[in-house]
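Structure assessment
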Amino acid sequence: MRKSGIKFIIYLICLCGVTNTYAQHQISGRVIHEENANPLEFANITLSTADSVFVTGTTTDQKGHFLLKNIPSGDYLLIASYLGFTTQAISLNGLSKPIDIGDIFMTEENNQLETVTVTASNITNKADRLIIFVTDQQKANSSNGINLLTTMQLPRLTVNPIMNEVSLPGDESVAFCINGVIVNMPDIRAIQPYEVIRIEYLDNPGVRYGDADVVINYILKRKIAGGSVSMDLGNAVTTSFGDDQIAAKFNYKKSEFGLNYSIRYRNPTKVWGDEERTFNFSDGSSLQRFDKGSPGNLSENSHNININYNLLENDTYYFNATVRYSFTEDDKMRQSQRYIAQHPDDITFVHQGTDTRQHIPSIDLYYSHSLKNKQTILFNVVGTYIHSNLNQKYEETKDELSITDVISDVDGKKYSIIGEGIYEKTFENASRLTTGIKHTQAFANNDYTGTVNSLTKMDQADSYIYAEYSGKKDKFSYIAGIGLSRSWAKQEDEDDYTYYTFRPKLTVQYDFTRSMFLRLKGEVYNTSPSLSRISAVDQYMDTLQVMRGNPALKPNLNYHINLLYSWKKGIYGVNFQNSYMYSPKPIMETTYRENNLFIHSFENHRNWQKLNSELTLSAGPIKKILMLSLTGGVNHYISNGNSYSHTYTNFYYRLQLMGMYKKFSGIFQSYSAYDSFSGESLNGGEKIHLFMLSYNAGKFTVGAGIMLPFSDQYKRYAENRNIYASSKMNMYANDFSRMILLKFAWNFNYGRKAKSGSKRLNNTDTDTGIMRTN
């Protein structure tokens, strides 16, 4: 069995057809104590490629000397470490001949807090990522992993330090990893900045990352003894709003134990919506209806707890087990006064919304094993159970008497398991082959009671097999990927479907210089309908409108092409990107009339297109204090349904100004709405500006911020352009206007440090499978 496995691996390697001969070089140097100039014997020397692939390593001799032989030309990172001393990282870009680094000076640590001093350029560009080595100043002005990102001016990334949110424009998604392990936002907040060696910003993630548009991977040090405790609190003084968490880690030899608990609450009292709807009936008559909202309460509360254990055996194997539990409780009821245009004095009171309780336990098991000849195998299994209770209510009253009462109670249960395996081979020229297979199996059972009773049982399965090869030739680098996916779904008493998708992906990058490149990326991927949309269920929204699932929905393809130009010279930088997305037969909304009712459902329509152009100018740090980033962009949407066609153009901007001086930091952000348009619906984005000031005293950080200081109103806009049932809606939450927030963070740690393992899979399940009417 063992021999056959080795033969299979050799066969995979042979399939690549890659044989190269490269010049070999050597790297030498000496590690010495900075204060007394004494050599440091047995200092650890490691060499990795710029994209974090280990190449070789050694230790220093009695005189502090080291020598690394047979190193191919390329870009590398050399790290010198010694227990009790700060770690030194040196970028070796464009190695093409033997090099003597000379003396590497090591300084003793203070309070055992290990830091990395970057002595060369702290940013390296690759075809799939930026690698950023965090500076001492950035660490000194950060209290956790989230606000550390605000100091980096990463392309297209918006970091809101008050809301503790990290996002990309529009509907694009960002995933987070710590040493390759997929994590959630509380885990990022629990990061102590001194732990961070570097951050990998994968703005062109490979086929293995699924639907993630960007992956942010924090590479941290690992302790072999002791542990850490951290607390991060952020609470508003003007309204009920907060994010609080506490985290702890304990290390013993090869093992690490972790615990993280967080609570998040949003309970504003000044939330309402104003709505205008026009209904055009089949007999030619029309009804124009107005809802004037009354300020009321909204409640969003969540509790999250993660328990983690991992085991690292040198660089041989890495095992990680995480148990997560999440509980959310939302009350999104709203009140309004309703009248029609013909009778503005005839008022009806409307009470509508959703009350939700959701429990999500999950377990995540991961194992990686390093084989000979730079080969690695990885396995990941994630099991998730989602139990949801929804109470959807719509009631009209007049003269304190109920005239309409629509109730829908949903008891939903969903079970899913995700399994993935990967084989990876790195060649002598730092090129890489990755192959893998992933399967997701899900079952949902949703019991609808109330005005309409229904029971839905649905099965869904998705399989994905893929291969990816990356390499570099002179100034060209490339990533070529190919995949085949199978989507299957079956609802009780309905026909099933099986859909196959061919998923190629190609990225080509040309480096004009070390600081300027042009990248072209193209990919094809599929979108499967959610379980909620294929549910054979009718849900009444009010007396005139019904939400209806469509079991006949089919997955659709998406074609995406992106061209990026990037330049950086000293403190100045430019990023200019243009992208185009085309989706034939997309799943979009449809509205039709049936017996004087307006049915809202979904169909596979003709096509949907999006064109985007975006320019970012950045500067900093100016005088090692100020950093400025300004982005301007435009979106153009083309939505062609089976019976409608719409276009929409949206201009937007993002501005960030940050200052760092000693232990003080301040940030100002302002950005306009990034709107999205799909089907016949326009969803307006947030228009935000904020200030945040912080003081970092080392173990603790205090800060204060204010959101929307120059506005007395927080507003979101939505619109539907259907010819039968059009609508316009403004949602207000004035508690968030001029909201003042106080922050406090405390970090305590003890123990020695060692290196960390790496998990590189991203699997999770959050789709409940329940149809909602709002």
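Here the structure is shown first, and the text comes after it.
Computed from a predicted model, the values in this text were never measured in an experiment.

Description of the overall build of the chain
For the chain, the helix and strand inventory stands at four helices and 50 strands. Burial analysis of the chain (774 residues in total) assigns 52% to the buried set. By sequence separation, contacts in the chain at least 24 residues apart represent 64% of the contacts at least 6 residues apart. For the chain, the accessible surface area stands at approximately 34600 Å², while carbon and sulfur atoms represent 57% of it.

Let's talk about the packing of aromatic side chains
All told, the structure shown has 27 aromatic pairs when counted by the stated rule. Aromatic side chains Phe476 and Tyr510 sit 4.8 Å apart centroid to centroid with 55° between the ring planes, which places their arrangement in the tilted category. Here the residue Phe476 occupies a position in strand E30 (residues 476-491), and Tyr510 occupies one in strand E31 (residues 497-513), the gap between them amounting to 34 residues. Looking at Phe476, the relative accessible area reads 43%, which means it is partly exposed. Consider the rings of Phe668 and Phe691, whose centres lie 4.7 Å apart with planes at 40°: the pair is tilted. Of this pair, Phe668 sits in strand E42 (residues 664-671) while Phe691 is found in strand E45 (residues 688-696), placing the two residues 23 residues apart along the sequence.

Quick look at a negative patch on the surface
A cluster of like negative charges, contributed by Glu492, Asp493, Glu494, Asp495 and Asp496, occupies part of the molecular surface. Residue position: Glu492 is located in the loop between E30 and E31. What makes Glu492 partly exposed here is its relative accessible area of 42%.

Focus: the sheet that holds strand E34 (residues 545-548)
Strand pairs in the sheet, formed through backbone hydrogen bonds, run parallel or antiparallel to each other. Strand order in this open sheet of four strands is E33-E34-E38-E37, and the pairing throughout is mixed. In this open sheet, the two strands that pair with only one neighbour each are strand E33 (538-540) and strand E37 (587-594). Taking the axes of each pair of neighbouring strands and ignoring which way they run, one obtains an average angle of 30° across the sheet. Across eight bridges, E37 lies against strand E38 (residues 597-604) in antiparallel orientation. Within the sheet, the bridge partner assigned to Thr591 lies in E38 and is His600.

With respect to the pairing of strand E32 (residues 516-527)
When E31 meets E32, the two strands line up antiparallel, connected through eight bridges. Among the inter-strand pairings, Thr513 is bridged to a residue of E32, identified as Met516. Between E31 and E32, which pair antiparallel in sequence order, lie two residues. For E32 and strand E35 (residues 556-569), the ladder comprises twelve bridges, and the chain directions are antiparallel. Along E35, the bridge assignment pairs Glu523 with His560.

Examining the nonpolar core
Membership of the largest hydrophobic core comes to 32 residues, with the highest contact counts inside it found for Leu149, Leu157, Ile199, Tyr201, Ile216 and Tyr218. When residues of this core are traced back to their parent elements, those giving at least two are strand E10 (130-133), helix H3 (145-149), strand E13 (174-178), strand E14 (181-183), strand E15 (196-202), strand E16 (214-220) and strand E29 (454-473). It is E16 that contributes the most residues to this core, four residues altogether. In this structure, Val271, Met658, Met660 and Met692 belong to the second largest nonpolar core, which totals 20 residues.

Re the pattern of salt bridges
This model, assessed by the stated rule, comprises 30 salt bridges. Residue Asp103 is joined to Arg30 by a salt bridge in which the shortest nitrogen-to-oxygen separation is 2.9 Å. A residue pair is termed long-range when its members are at least 10 positions apart, and Asp103 in strand E7 (residues 99-106) and Arg30 in strand E1 (residues 24-33) qualify at 73 residues. Taking the relative accessible area as the measure of exposure, Arg30 reaches 26% and is therefore partly exposed. Between Arg654 and Glu614 there is a salt bridge; the shortest N-O distance is 3.1 Å. With Arg654 in strand E41 (residues 645-661) and Glu614 in strand E39 (residues 607-622), this pair connects stretches of sequence that are 40 residues apart. Residues Arg654 and Glu614 agree in their burial class; the two are buried.

Some points on a nonpolar patch on the surface
A surface patch of nonpolar side chains, about 870 Å² in accessible area, is lined by Ile246, Leu259, Tyr261, Ile305, Ile307, Val323, Tyr325, Ile363, Leu365, Val381 and Ile417. Elements that contribute at least two residues to the nonpolar patch include exactly strand E20 (255-266), strand E23 (299-313), strand E24 (317-340) and strand E25 (343-371). Positionally, Ile246 belongs in strand E19 (residues 241-252). Residue Ile246 is classed as partly exposed on the basis of its relative accessible area of 39%.

A short note on the pairing of E1
Of all ten residues in E1, seven are buried; the element is thus mostly enclosed. Across six bridges, E1 lies against strand E4 (residues 65-72) in antiparallel orientation. Across the sheet, residue Arg30 finds its bridge partner in E4, namely His65. Pairing geometry for E1 and E7, over six bridges, is parallel. Bridging across to E7, Ile27 finds its partner in Ile99.

Looking at the environment of Ser370
Topologically, Ser370 is positioned in strand E25. For Ser370, a relative accessible area of 33% gives the class partly exposed. As for Ser370 and Thr316, which are separated by 54 residues in sequence, their C-alpha atoms are 5.1 Å apart.

Some thoughts on the sheet that holds E4
Strand order across the open sheet formed by three strands is E4-E1-E7, with mixed pairing between neighbours. Each edge of the sheet is formed by a strand with only one pairing partner; in this case those strands are E4 and E7. Within the sheet, the average angular offset between the axes of one strand and its neighbour, ignoring direction, is 20°.

Considerations on unusual backbone geometry
Here the residue pair Gly620 and Pro621 is connected by a cis peptide bond, since its omega of 0° sits within 30 degrees of zero. Assignment of secondary structure puts Pro621 in strand E39. The phi angle at Lys253 is positive, at roughly 55°, despite the residue not being glycine. On the accessibility criterion, Lys253 (56% relative accessible area) is exposed. The phi angle at Lys374 is positive, at roughly 60°, despite the residue not being glycine. Positionally, Lys374 belongs in the loop between E25 and strand E26 (375-398).

Observations regarding the environment of Leu378
With respect to the element layout, Leu378 can be found in strand E26. On the basis of relative accessible area, Leu378 is assigned to the buried category, the value being 0%. Counting along the chain gives 46 residues from Leu378 to Glu424, while the straight-line C-alpha distance between them is 8.4 Å.

Notes on the side chain of Thr151
Locating Thr151 in the fold gives a position in the loop between H3 and strand E11 (158-160). Beyond its immediate sequence surroundings of up to four residues, Thr151 is in contact with Gln138, Ser142, Met627, Met658 and Met660.

Focus: the environment of Gln138
Tracing the backbone shows Gln138 in helix H2 (residues 136-140). The exposure class of Gln138 is buried, given its relative accessible area of 8%. Each C-alpha atom, one on Gln138 and one on Tyr194, is 9.8 Å from the other, the two residues being 56 residues apart in sequence. Not counting residues within four places of it along the chain, the set of residues in contact with Gln138 comprises Phe133, Leu148, Thr151 and Met152. A distance of 3.2 Å separates a polar side-chain atom of Gln138 from the backbone oxygen of Thr151.

Definitions and limits used
Residues numbered from 1 in each chain as written. Predicted model: local features only at pLDDT ≥ 70, side-chain atom pairs only at ≥ 80, totals over all residues. Heavy atoms only, no water. Helix = DSSP H or I, 4+ residues; strand = E, 2+ residues; numbered from the N terminus. Buried < 20%, exposed > 50% of the residue type's maximum accessible area, 1.4 Å probe, protein only. Contact = heavy atoms within 4.5 Å. Areas by Shrake-Rupley, 256 points an atom, 1.4 Å probe, with all protein chains shown as cover. Phe/Tyr/Trp six-rings, centres within 6.5 Å; stacked < 30°, edge-to-face > 60°. Patch = residues over 30% accessible without salt bridge, like charges linked within 9 Å, V, L, I, M, F, W, Y side chains within 5 Å. Salt bridge = Lys/Arg side-chain N within 4 Å of Asp/Glu carboxyl O. Lys, Arg positive; Asp, Glu negative; His and termini not counted. Charge placed at Lys NZ, Arg CZ, Asp CG, Glu CD. Pairing = 2+ DSSP bridges. Axes fitted to C-alpha atoms, helices over the stretch in contact; angles between N-to-C directions. Core = buried A, V, L, I, M, F, W, Y, C linked by side-chain atoms within 4.5 Å. Polar contact = N/O pair within 3.5 Å; in protein donor to acceptor, adjacent residues only side chain to side chain.

So far we have only geometry, and geometry alone does not tell us how the molecule works.
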